[in-house]
Amino acid sequence: MAGILAQQLPEQALQFAYLVSGIMFIQGLRDMTHPRTATRGNLISSGGMFLAVAVTILWFEILTPAILAAGLLIGGVVGAYLAVAVETTEMPQLVGLFNGFGGGASAVVAGAELVDVLAGSGDLGVGLTASAAIAAIIGSVTFSGSFVASGKLHGIVGESPVSTNVGHALKVTFLGVALVAGAVLVVQPSLFGGVPTAEWVPVYWVIVAAALLLGIFLVVPIGGADMPVVISLLNSYSGLAAATTGFVLNNTVLIIAGTLVGAAGMILTIIMCESMNRSLANVFFGGLGGDDTAEEMEDIYEGQITETSPEEVTMLLETAERVVIVPGYGMAVAQAQHAVAELVDLLEDSGVDVEFGIHPVAGRMPGHMNALLAEADVPYDKMRELEEVNPTFSQTDLVIVTGANDVVNPRANEDDDSPIAGMPILNVEDARHVVVNKRSLSPGFSGIANPLFARDNTSMLFGDAKASMQSLVNEYKESNS
Ligand code: TAP
């Protein structure tokens, strides 16, 4: 159905608007590569999406104004609620849900187009059926896989990795069914000598059902700890599903946007795997199996742990010329970023050189620490990446590790059998003093003991990160008043 714009403008106007949207997406992504320009990038990309959606609605008149208004209202209310209510630590599962809906929408839209074409001309070209089959497989795997991944991160679905032969056999079976049904859909008229009719539509839903089950059986066996990587990969899949649906609909902007999401998600997945020194295959089929026993931990820690107090750390701070703060997942859990930022301000006012050492996989999502520190108004030029900060530790008087564990674990360099072997880490022990702030000697994400805690130049400041950082702020203020 031709909409109001199509009645007045030539077809090129639609393509031009899509081109402008595509350019806005690319510029937005470019801006998002740096924290300083990220907000602008977000706005530009959102503007591009608004333009694409508005032009499509007005061009094709696909919705009645009442349905449109209802959709905008429901979507707007849900979006506003999520933006306010979801904690930063819950962001990965939220992104997972969004990916799932994106993948599911692609599969449903491709199916609807198939039904629509059959109801009209009935001319199912190979291009259309092949794109629809691919969109059905990728979109459905993304939908069910993302829901399982989000459930695992949220603690609703069992988190432990499970690997069984039956599970592998089921995966292969569902993949096989989806591929065979996809092939049938693509070759059907010539293979069976029939004219395509609505009777072929169930084949599409067989693909969807098999791929939905495949998504569940692909993600269920993976440990909860690896879910951020899985979600990043499914994000890439949701983009690919959207791009293939773009081919089904012959919609340029959907192809551009989907391809950008697919590529960005894949690059992020690779960066995450490299930062953990693991292959994608290892994430999907290996599992992060660290699980030191109490005895193994005791062997490393017994008689070697030096406990410290906020008063003692303040004395170290008073003589320090250079301090590096290394935040980790615990800082996010405790929401300690504001107390940390206040401590940094105090130290800088006293002439101390302070920087942050940010590991690429500190926390539970890419850029987790940067986002939290930026929220507390820490300037971006204080946040040093691993390669930049590592050579400076030997000239650092004091490193304060707050809520981090694996990203400073020297076993990555020393123990070839550890689950984090080869993972690049922040070499904090090169500094004169290291203070590690966490609540106990419990392991981090990888489940293994950390010999850093037992080093001669390390002291443990036990306690919640927010409370401990606030104590340091109070002590430092008191001793400088
Ligand atoms: P972890 O190694 O997970 O250690 C976090 C530590 O924070 C824990 O040992 C815990 O010890 C402590 N903690 C928890 N709550 C705290 C609180 N309220 N106050 C103070 N401390 C608290 O964290 P990390 O060093 O940031 O390393 C991240 C890990 O996640 C890496 O292994 C990485 O591979 C993995 N990972 C990251 C990502 C991304 S993209 N960031 C994705 C997938 C996996 P206590 O219980 O003793 O306090």
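As the structure is a computational prediction, the values presented were derived from the model and not from experiment.

> Talk me through the overall build of the protein chain; I want residue IDs and the actual numbers.
Counting secondary structure elements, the protein chain contains 19 helices and six strands. The dimensions of the protein chain, computed from C-alpha atoms along their principal axes, are 85 × 55 × 35 Å. The buried share of the protein chain, taken over its 481 residues, is 46%. Taking as baseline every contact in the protein chain between residues at least 6 positions apart, the subset at least 24 positions apart corresponds to 79%. When the accessible surface of the protein chain is split by element, carbon and sulfur atoms take 63% of a total near 22600 Å². Across the protein chain, the centroid of the 17 positively charged side chains sits 3 Å from that of the 48 negatively charged ones.

> I'd like a rundown of empty space enclosed by the protein, residues and numbers included.
Using the criterion set out here, one finds one cavity of 30 Å³ or more in the structure. Contributing to the lining of the largest cavity are V141, L218, V219, V230, L234, Y237 and F284. The set of elements that each furnish at least two residues to the lining of the largest cavity consists of α8 (201-219) and α9 (227-249). If one sorts the elements of the lining of the largest cavity by residue count, α9 sits on top with three residues. Residues that form the lining of the largest cavity fall into these classes: seven nonpolar, no polar and no charged.

> How would you sum up the site of the ligand? Please name residues and give values.
Close contacts around the ligand come from 30 residues, with G363, N405, D406, R439 and S440 the closest. Contact between the ligand and V407: an oxygen atom at 3.4 Å from a main-chain N or O atom of the residue. Protein chains shield 96% of the accessible area of the ligand, which is 930 Å² for the free molecule. If one sorts the elements of the shell around the ligand by residue count, helix α14 (residues 329-334) sits on top with four residues. Each residue belonging to the shell around the ligand can be placed in one class, and the counts come to 16 nonpolar, nine polar and five charged. A domain-level breakdown of the shell around the ligand finds at least three residues from each of domain 1 (86-285) and domain 2 (294-479).

> Talk me through the side chain of Q93; I want residue IDs and the actual numbers.
Mapped onto the elements, Q93 comes out in helix α5 (residues 91-119). Side chain to side chain, Q93 and H154 meet in a polar contact 2.9 Å long. Among residues more than four places away in sequence, those in contact with Q93 are S150, L153, H154 and I231.

> Can you explain the pattern of salt bridges? Please cite residues and give values.
For the coordinates displayed, the defined rule picks out 11 salt bridges. Across the pair R322 and E355 runs a salt bridge whose closest N-O atoms are separated by 3.1 Å. On the criterion of sequence distance, the pair formed by R322 in strand β1 (residues 322-327) and E355 in strand β2 (residues 353-358) is long-range, its members being 33 residues apart. The two residues R322 and E355 agree in class, both being buried. Notably, a salt bridge pairs E429 with R455, separated by 2.5 Å at the nearest N-O pair. Placement of E429 in the loop between α18 (411-414) and β5 (433-438) and of R455 in the loop between β5 and β6 (458-462) is noted, with a sequence separation of 26 residues between them. Accessibility expressed as a relative area gives 25% for E429, which makes it partly exposed. Exposure remark for R455: the relative accessible area of 22% places this residue in the partly exposed category. Salt bridges here are not isolated pairs; linked through shared partners, they connect R322, D353, E355, R384 and E388.

> Residues and numbers for the environment of A80, please.
Here A80 is to be found in helix α4 (residues 65-85). The partly exposed category is assigned to A80, whose relative accessible area is 44%.

> How would you sum up the pairing of β2? Please name residues and give values.
In terms of burial, β2 is largely enclosed, as five of its six residues are buried. Bridge count for β1 against β2 is four bridges, and the pairing is parallel. Of the residues in β2, the one forming a bridge with R322 is D353. Handedness of the β-α-β unit built from β2, helix α16 (residues 368-375) and strand β3 (residues 383-385) comes out right-handed.

> Residues and numbers for the domain arrangement of the protein chain, please.
Looking at the assigned domains, one finds that the protein chain contains domain 1 (86-285) and domain 2 (294-479). Spacing between the C-alpha centres of domain 1 and domain 2 amounts to 40 Å. Buried surface at the junction of domain 1 and domain 2, summed over both partners, amounts to about 1200 Å²; 72% is from carbon and sulfur atoms. Per-residue buried area on domain 1 facing domain 2 is highest for T88, T89 and S275; these three make up 40% of the total on that side. The tally of links from domain 1 across to domain 2 stands at zero salt bridges. Scanning the region where domain 1 abuts domain 2 turns up zero residue pairs in polar contact (both at pLDDT 80 or more). Looking at the side of domain 1 that touches domain 2, the elements that each hand over two or more residues are α5 and α10 (252-275). Here the side of domain 1 that touches domain 2 takes four residues from α10, the largest share from any one element. The class makeup of the residues in the side of domain 1 that touches domain 2 is seven nonpolar, four polar and two charged.

Cut-offs and rules
- Residues numbered from 1 in each chain as written.
- Predicted model: local features only at pLDDT ≥ 70, side-chain atom pairs only at ≥ 80, totals over all residues.
- Heavy atoms only, no water.
- Helix = DSSP H or I, 4+ residues; strand = E, 2+ residues; numbered from the N terminus.
- Buried < 20%, exposed > 50% of the residue type's maximum accessible area, 1.4 Å probe, protein only.
- Contact = heavy atoms within 4.5 Å.
- Areas by Shrake-Rupley, 256 points an atom, 1.4 Å probe, with all protein chains shown as cover.
- Lys, Arg positive; Asp, Glu negative; His and termini not counted.
- Charge placed at Lys NZ, Arg CZ, Asp CG, Glu CD.
- 1 Å grid on protein atoms, 1.4 Å probe; cavity = no way out; pocket = protein on both sides within 12 Å on 5 of 7 lines; lining within 4 Å.
- Points joined across faces, edges and corners; volume = space filled by probe spheres on them.
- Nonpolar A, V, L, I, M, F, W, Y, C, P; charged D, E, K, R; others polar.
- Near = heavy atom within 4 Å.
- Polar contact = N/O pair within 3.5 Å; in protein donor to acceptor, adjacent residues only side chain to side chain.
- Domains from an automatic or database assignment.
- Salt bridge = Lys/Arg side-chain N within 4 Å of Asp/Glu carboxyl O.
- Pairing = 2+ DSSP bridges.
- Right-handed = clockwise from strand over helix to strand, strands pointing away.
- Buried area = accessible area lost by both parts, 1.4 Å probe.

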